[in-house]
Amino acid sequence: MVMALAGSAIGLGNIWRFPYMVGQHGGAAFILVYVLCVAFIALPIFFAESIIGKSSGSDTFGAMEICAPGRGWKNTGYIAIAASFVVVSFYSVVGGWSVDYLVRSCAGGFSFSGIEEAASLFGRMNSSLAEPLLGMTAFLGITALILACGVDKGIELFSKITMPLLFLLIVFIVVRSAMLPGASAGMDYLLKPDFSKLDGKAIAAALGQAFFSLSLGVGAILTYSSYMRKEENILYSGIWSAVFDTIFALLAGFAIMPAVFASGLAPGAGPSLVFETLPVIFSQMGPVIPVVFFFSILIAALTSSISMMEVVVSWLVDQKKLPRRRAAMLAFTGTWCLGALCAVFPKVFAVCDFTTSNILMMFGAFVFALVVGWKMPKADVRTQFTNYGTSRGGKVAFPTVYFLIKYIAPVMIVAIALTNLF
Ligand code: PFF
């Protein structure tokens with residue numbers, strides 16, 4: 001299950017979203033806040049979702065019914081489901097860009113002399129109606145097909161090979177990127193914090209990114225944890241997922257930013273940043289590396305999108321009693337409609353991207369923290385977290401984790417959300 005949880009966490013959020021967030025919010029200081037958010041807020045929420053999922057063994061909606069009986073609580077399950085619906089929709093657009101770039105690398109790779117050419121390729125691809133729609137449809141289609149057939153074991157097996165491969169490739173790109181003339185300005189940007197750029201918006205973005213990257217607040221970790229076997233350990237699976245996820249994100253930052261500075265691109269360029277920068281780096285690497293890279297990214301993105309769509313599908317199967325295939329078809333149709341709007345209208349994309357991580361995920365995470373910290377009996381929480389008293393690590397960590405879930409996480413979420421608002 002650690003593999004599935006890490007598979008959900010590691011995806012486009014690390015490689016595409018993290019670098020562009022770092023670029024928009026000032027570099028090193030943002031990274032520092034991000035790491036603190038992961039350790040003290042996101043990881044406790046990860047544990048909270050795992051506790052709810054594992055103890056209930058149910059989908060998000062059913063889990064709320066079991067762990068927090070009462071109408072109001074039950075209804076918050078709908079928000080988590082709606083949030084995962086929105087995330088899959090806009091995520092599939094970026095998944096579609098990856099499909100597009102994979103096809104392009106298979107057709108002969110990239111040979112750009114500078115960032116302008118790479119940027120114009122992205123612009124052309126994105127402004128044509130057919131390409132983003134086609135890519136998005138392919139990405140969503142594969143996701144839904146895998147869920148309909150229930151063959152996610154196959155993709156998990158695949159990701160056991162592509163994850164380490166992706167890791168090695170990113171390390172390789174980090175080295176190449178650092179050697180580019182002018183790259184040191186990018187290194188400085190990532191290593192020397194400038195706290196004057198750190199406003200309420202940046203802090204909220206860091207927390208939102210931590211939730212997005214660890215797949216929190218939408219019931220994905222909850223749903224996956226509901227499939228956990230009894231002896232599986234919540235503490236270790238949470239820590240490993242968070243550590244791997246953060247390492248991937250940081251590496252992606254170090255792969256992209258020096259190249260951004262070396263090529264004179266504005267770090268705050270937004271969602272297109274990675275897709276404009278990578279082809280320039282790849283131009284000097286021959287035809288094979290881009291193919292392997294975009295294929296690995298695609299697998300990483302699919303293991304994430306599967307976990308998002310599974311929230312919707314498992315709700316339709318468990319609560320609405322639909323057969324799995326019909327549920328997957330319905331989820332595909334719904335997310336395709338919103339995804340198509342995101343693919344065609346950048347404004348819709350931006351609104352979905354912003355509202356999920358800054359509002360819906362924060363709300364979901366807040367609710368999950370309250371359920372575990374204030375609604376569930378402490379003894380039940382301890383039982384789950386310590387694996388019925390058998391996990392030594394669980395017993396030692398429990399008081400701290402419980403305190404973080406009960407007080408620190410909800411208070412910080414509210415404080416950061418309010419700071420952002422005003
Ligand atoms: N954590 C995924 C990533 O970083 O790409 C994105 C994600 C997956 C968000 C699952 C939400 C979710 F439910």
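For the structure, check the block above.
Here is a short report on the structure shown in this document.

Scoring rules and cut-offs
Residues numbered from 1 in each chain as written. Predicted model: local features only at pLDDT ≥ 70, side-chain atom pairs only at ≥ 80, totals over all residues. Heavy atoms only, no water. Axes fitted to C-alpha atoms, helices over the stretch in contact; angles between N-to-C directions. Helix = DSSP H or I, 4+ residues; strand = E, 2+ residues; numbered from the N terminus. Parallel < 35°, antiparallel > 145°, perpendicular 65-115°, else oblique. Left-handed = near helix turned anticlockwise from the far one by under 90°. Contact = heavy atoms within 4.5 Å. Near = heavy atom within 4 Å. Polar contact = N/O pair within 3.5 Å; in protein donor to acceptor, adjacent residues only side chain to side chain. Areas by Shrake-Rupley, 256 points an atom, 1.4 Å probe, with all protein chains shown as cover. Nonpolar A, V, L, I, M, F, W, Y, C, P; charged D, E, K, R; others polar. Expected span 1.5 Å × (residues − 1). Bend = angle between axes of the 7 residues up to and from the residue. Buried < 20%, exposed > 50% of the residue type's maximum accessible area, 1.4 Å probe, protein only. Salt bridge = Lys/Arg side-chain N within 4 Å of Asp/Glu carboxyl O.

This part covers the packing of helix α2 (residues 12–24) against helix α3 (residues 28–56). With their axes 8 Å apart at the nearest point, α2 and α3 run at an angle of 125° to one another. As summarised for this structure, α2 and α3 are arranged oblique, according to the angle between their axes. Viewed along their axes, α2 and α3 form a crossing whose handedness is right-handed. Here F18, M21 and V22 of α2 come into contact with α3, specifically with F30, I31 and Y34.

With respect to spatial proximity, 16 residues lie near the ligand, and among them A9, G13, Y91, F212 and V218 are the closest. Within the contact set of the ligand, an oxygen atom lies 3.1 Å away from a backbone nitrogen or oxygen of L12. Here N14 contributes a side-chain N or O atom positioned 3.3 Å from an oxygen atom of the ligand. Bound to the protein, the ligand loses 100% of the 340 Å² it would expose on its own. Of all elements in the fold, only α1 (2–9), α2, α10 (200–213) and α14 (288–318) reach the threshold of two or more residues within the shell around the ligand. Looking at side-chain class alone, the shell around the ligand contains eight nonpolar, eight polar and no charged residues.

All right, on to helix α18 (residues 392–421) then. Residue pairs three or four apart in sequence face the same way in an α-helix, which turns once every 3.6 residues. An ideal rise of 1.5 Å per residue puts 44 Å on 30 residues; α18 measures up with 42 Å between its terminal C-alpha atoms. Along its length, α18 reaches its greatest deviation from straightness, about 50°, at F398, and the proline P399 lies no more than four positions downstream.

Here α14 is 31 residues long and its end C-alpha atoms lie 44 Å apart, about the 45 Å a rise of 1.5 Å per residue gives. Of all the bends found along α14, the most pronounced is centred on E310 and spans about 30°. Counting buried positions along α14 yields 25 of 31 residues, so the element is predominantly enclosed.

Bringing the pattern of salt bridges into the picture now. Counting across every chain of the model gives nine salt bridges. A salt bridge links R104 to D100, with the nearest nitrogen and oxygen atoms 2.7 Å apart. In this pair, R104 and D100 are both assigned in helix α5 (residues 71–106), four residues apart and thus about one turn of the helix distant. Residue classification places R104 among the partly exposed positions, given a relative accessible area of 25%.

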